[in-house]
Structure formats: structure tokens, C-alpha cells
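The residues making up each chain are set out below.
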Amino acid sequence: MGGEDRVHEAFETRLAVGDSVVTERDVELLRAIDEHGSIHAATNALERSYSHAQRRVVELESALGPLVERTRGGSDGGGSTLTDRAGELLRRFDRLEAAFSGLAEGEETVLDGRVVEREGELGSVETGAGRVRALVPPEGEADDVEVAIRADAITLTAPEDAPSADETSARNRFSGVVREVEAGEAVARVAVDVGAETPVAALVTLASVRELGLGPDREVVASFKATATRATPRDLDTH
């Protein structure tokens, strides 16, 4: 397995079914087939390659069973409809996405820090975990800040597969150790010790937990984009 395949971004919903993984792109294709009545029309609407889409449907059906029922000819010219199995697959994906979104809305890590550099809206904040690139308050406002990092914005990667800094837009990269994995039905909350006062929380699918071998004492690299990280003035009276 290559390095790119072992990077797991929490914000991309993926449904593990047996040994197969159904992605957001797969679900988008199936919904388009259902809406437009054929794979050809669906790929036109999505501006995708027909041959690639056809091949992906065949791959999914080989693993999961019949998903698209095809008809040929007739007065309506034939077309494609989704099977009951496909409908249940889409419902399972929707339940996973809803659960994932609900967790993500309220889950974030907050680090105390101080703005040490500004470049327009972006800046560098010194925190207990090290320097964090983030959206920072304008020049002239307080330099003492709280840096909020959403759990669904964090990417976890095996150290041996972590891309170099110039190969990714995620400029914030911290090596750490997994302290805890709280698994739900389809999504897990992973607490990673990166040297700050509190662990950084990341949300990943259970498929990612298995593929990365996440568990206590597992070394990982936690990455996140500067634009997904916001620093706000800290109320010193509460600290």
C-alpha cells in the first residue's frame, strides 16, 4: 500500500462494507444514476469519464452485489435504476455522514497560545504543541489567543507515510502518540498526545482505525490546514 493510500482525512466520509470501502465519490455517482436514469447520463451530469464510472460500478457490484439494474431498448430507450441493495447502501452512508457531522460540530481542540507573526489574515501562534499556522486576529488586537482545531479537520498518517511539507497544503504537522480511541458504530474519536497540555482530538472512520492500526501508544502524524484553524483573543481573566 502506497503512502497516499494510507493518509486518512476525517472530513471525508467513507463506509466500510466487508473488505470494500464506499467513498463520497461512489455515493455521488449512484445518486446521479438514480436521478438521471443511466450511467451515461450520470457521468455527463458529473462531468466524469463514462468508462471509469462503468468500471467502478462493476468493482462495487463484485464486492457488494447488484447495485444498478440495467434495461435495454424498448419505447423509452432503456436505462438504469438502483436496486434495493443500492438504496440500503445509500441509507447506511447517510446515517454514517449524519453521525459524523453531528460529532464534528461540537468536537474541537483548543490550545492557548500567543501570536508571534502575522502575514495578512494568517499568522504563527506559539502553543504548547509548537508553532501553529492559523487565521489570527488583525494587527492591533490581543496577541494572547485560543487556537481552535476542529476534529474533522485533522488528518492522521502513519509516520513512515507522512508526505513532506512541500507535498501537502496541510502546513501544521505534529508527531504524536495515540492515547485513547473511543469507537462508536462507524466513527471513532482519537486522542493524540502532541506535547500540549491536552491531547488533540481527531475524528476518523472505523475503517481508518483498522487500516492505520490505531490504538494506545501508536505513533502518528497529525496534520491540518492553516485555513481550517482559527485563533481568537483569549480572555485572560478566565485563565
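Residues numbered from 1 in each chain as written. Predicted model: local features only at pLDDT ≥ 70, side-chain atom pairs only at ≥ 80, totals over all residues. Heavy atoms only, no water.

A. Structural view of the pairing of strand β9 (residues 144-150). Side chains of β9 alternate between two faces, with V145, V147 and I149 buried and D144, E146, A148 and R150 left unburied. Two strands pair when backbone bridges link them, and strand β6 (residues 108-119) and β9 are joined in this way by 7 bridges, in the antiparallel orientation. Paired with V110 across the bridge in β9 is A148. With 5 bridges connecting them, β9 and strand β15 (residues 229-233) associate as antiparallel partners. Looking at β15, one finds that V147 is bridged to A231. (Buried < 20%, exposed > 50% of the residue type's maximum accessible area, 1.4 Å probe, protein only. Helix = DSSP H or I, 4+ residues; strand = E, 2+ residues; numbered from the N terminus. Pairing = 2+ DSSP bridges.)

B. Expanded view of unusual backbone geometry. Even without a glycine there, the phi angle at E47 is positive, about 55 degrees. Relative to the helices and strands, E47 resides in the loop between α2 (39-46) and α3 (50-64).

C. The packing of helix α1 (residues 24-36) against α2, seen in detail. Running from amino to carboxyl end, α1 crosses α2 at an angle of 115 degrees, the nearest separation of the two axes being 8 Å. Viewed along their axes, α1 and α2 form a crossing whose handedness is right-handed. Only I39, A41, A42, A45 and L46 of α2 make contact with α1, whose side of the interface consists of E28, L29, A32, I33 and H36. Looking at the contact of α1 with α2 residue by residue, the class counts come to 8 nonpolar, 1 polar and 1 charged. (Axes fitted to C-alpha atoms, helices over the stretch in contact; angles between N-to-C directions. Left-handed = near helix turned anticlockwise from the far one by under 90°. Contact = heavy atoms within 4.5 Å. Nonpolar A, V, L, I, M, F, W, Y, C, P; charged D, E, K, R; others polar.)

D. Quick peek at the pairing of strand β13 (residues 200-205). Summarising burial for β13: 6 of the 6 residues are buried, a large majority. Here β13 shows a buried face lined by V200, A202 and V204 and a second buried face lined by A201, L203 and T205. Turn length for the strand β12 (residues 187-193)-β13 hairpin, with the two strands adjacent in sequence and antiparallel, is 6 residues, and the turn residue G195 shows positive phi of about 100 degrees.

E. Main features of the side chain of S223. Along the chain, S223 turns up in strand β14 (residues 219-224). Since its relative accessible area comes to 8%, S223 is described here as buried. The residues touching S223, leaving out its near neighbours within four places in the chain, are A153, I154, T155, A170, N172 and R173.

F. Quick look at α2. Burial in α2 covers these residues: I39, A42 and T43. Projected onto a plane normal to the axis of α2, the buried residues spread over an arc of 95 degrees and lie on a single side. (Arc of directions from axis to C-beta.)

G. Spotlight on the packing of aromatic side chains. On inspection of all chains with the given rule, the structure shows 1 aromatic pair. Where F174 meets F224, the ring centres are 6.0 Å apart and the plane angle is 25 degrees; that geometry is what we call stacked. Residue F174 is located in strand β11 (residues 172-183), and its partner F224 is located in strand β14; the two are separated by 50 residues in the primary sequence. Residue F174 is classed as buried on the basis of its relative accessible area, which comes to 11%. (Phe/Tyr/Trp six-rings, centres within 6.5 Å; stacked < 30°, edge-to-face > 60°.)

H. Looking closely at the environment of E28. Checked against the element boundaries, E28 lands in helix α1. With a relative accessible area of 42%, E28 lands in the partly exposed category. Measuring from C-alpha to C-alpha, the distance between E28 and L46 comes to 8.6 Å, with 18 residues separating the pair along the chain. Contacts of E28, omitting those with residues within four sequence positions, involve L46 and R48.

I. Looking closely at the confidence of the model for the protein. Taken residue by residue, the protein gives an average pLDDT of 83. The fraction at 70 or more is 84%. Per-residue pLDDT, averaged within each element of the protein, yields its smallest value for strand β1 (residues 7-9) (39) and its largest for strand β7 (residues 122-127) (95). (pLDDT = per-residue confidence, 0-100.)

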